[in-house]
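For reference, the chains in residue letters:
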Amino acid sequence: VAKAQDEINRLSGKLATATSSAMILSVGIANQYELLGDGKKQYEYLGRAIQASPENGLPWHNLGVLMERLGALRTARIAYEESTLLQPQLAVYHYAYLEFLIGTMKNDTIDIEKAFAAAEKNIGKKQYLIDIRTEWQKQ
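S.K.: Looking at this structure, how should I read the pattern of salt bridges?
M.R.: A side chain with one charge may pair with a side chain of the opposite charge, provided their charged atoms come close. Per the counting criterion, the structure on display carries 9 salt bridges. One salt bridge in this structure joins Arg-48 and Glu-44, with 2.8 Å as the shortest N-O distance. With a gap of 4 residues between them, Arg-48 and Glu-44 both fall in helix H3 (residues 39–52), about one helical turn apart. Take Glu-44: its relative accessible area is 30%, and that puts it in the partly exposed class. With a closest N to O distance of 2.8 Å, Arg-133 and Glu-113 form a salt bridge. A residue pair is termed long-range when its members are at least 10 positions apart, and Arg-133 in helix H8 (residues 127–138) and Glu-113 in helix H7 (residues 109–123) qualify at 20 residues. When salt bridges that share partners are traced, they join Arg-77, Asp-108, Asp-111 and Lys-114 into one network.

Written as structure tokens, this is what we have:
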């Protein structure tokens, strides 16, 4: 707890004077609040990160993780999808979105197929996509 609080203080000091790195610093602070189990503060700093860099998928992805953990599945879905739309070239965002959809909405075939199509269009037919599709279809 002390280490996380020290890191929050350090990053907050940098954030006060930041310009281009405000998004990364805000995500870093949000991550420390996650370690402390303070979802409210984590949410607040992810919101700041989104405002600081609205074209970056990272804070949206992290918001998806938070909302999924809290059971706010509609919001999680929107956040995960937004990360794929903002940075479609990043496979990790497609994987997370698909894993979320399959794990929480496995019968939503149309949207899962759309997510697979978007992933394949943007990152190619990666082996991991093939593997998770196969697992999903077995369910």
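S.K.: Before we go on, may I ask you to explain H8 in this structure?
M.R.: Helical geometry note: an α-helix holds 3.6 residues per turn, so side chains three or four residues apart project in the same direction. With 12 residues, H8 ought to run about 16 Å at 1.5 Å a step, and its terminal C-alpha atoms sit 17 Å apart, in line with that. Those residues of H8 not exposed but buried are Leu-129, Ile-132, Arg-133 and Trp-136. The buried residues of H8 all sit within an arc of 105 degrees when viewed along its axis, so they share a single face. Looking at the buried residues of H8, the elements they touch are helix H6 (91–104) and H7.

S.K.: For this particular structure, what's the right way to read helix H4 (residues 58–70)?
M.R.: With 13 residues, H4 should cover 18 Å at 1.5 Å per step; its first-to-last C-alpha distance of 18 Å lies within 8% of that length. Contacts from the buried residues of H4 go to helix H2 (22–36), H3, helix H5 (73–86) and H6. Just beyond H4, the residue with positive phi is Gly-71, at close to 85 degrees.

S.K.: Just to check I follow, could you spell out the packing of aromatic side chains for this structure?
M.R.: Aromatic ring pairs are reported here in terms of the distance separating the ring centres and the angle at which the planes meet. Within this structure, the stated rule accounts for 4 aromatic pairs. Sitting over the ring of Tyr-45, Arg-48 keeps its end group 4.4 Å from the ring centre. Its guanidinium or amino end placed over the ring of Phe-116, Arg-133 lies 4.2 Å from that ring's centre, counting from NZ or CZ.

S.K.: Would you mind going over the side chain of Thr-84 with me for this structure?
M.R.: If you trace the backbone, Thr-84 turns up in helix H5. Note on Thr-84: relative accessible area 6%, which makes it buried. Within the structure, Thr-84 has its side chain in polar contact with the backbone oxygen of Glu-81 (distance 2.6 Å). In contact with Thr-84, other than residues within four places in its own chain, are Tyr-93, His-94 and Tyr-97.

S.K.: What's the story with the environment of Ile-112 in this structure? I'm lost.
M.R.: Within the secondary structure, Ile-112 is located in helix H7. As for Ile-112 and Ile-102, which are separated by 10 residues in sequence, their C-alpha atoms are 7.2 Å apart. Setting aside residues up to four positions removed in sequence, Ile-112 forms contacts with Leu-98, Leu-101, Ile-102, Met-105, Lys-106 and Trp-136.

Cut-offs applied
Residues numbered from 1 in each chain as written. Predicted model: local features only at pLDDT ≥ 70, side-chain atom pairs only at ≥ 80, totals over all residues. Heavy atoms only, no water. Salt bridge = Lys/Arg side-chain N within 4 Å of Asp/Glu carboxyl O. Helix = DSSP H or I, 4+ residues; strand = E, 2+ residues; numbered from the N terminus. Buried < 20%, exposed > 50% of the residue type's maximum accessible area, 1.4 Å probe, protein only. Expected span 1.5 Å × (residues − 1). Arc of directions from axis to C-beta. Contact = heavy atoms within 4.5 Å. Phe/Tyr/Trp six-rings, centres within 6.5 Å; stacked < 30°, edge-to-face > 60°. Lys NZ or Arg CZ within 6 Å of the ring centre and 35° of its normal. Polar contact = N/O pair within 3.5 Å; in protein donor to acceptor, adjacent residues only side chain to side chain.

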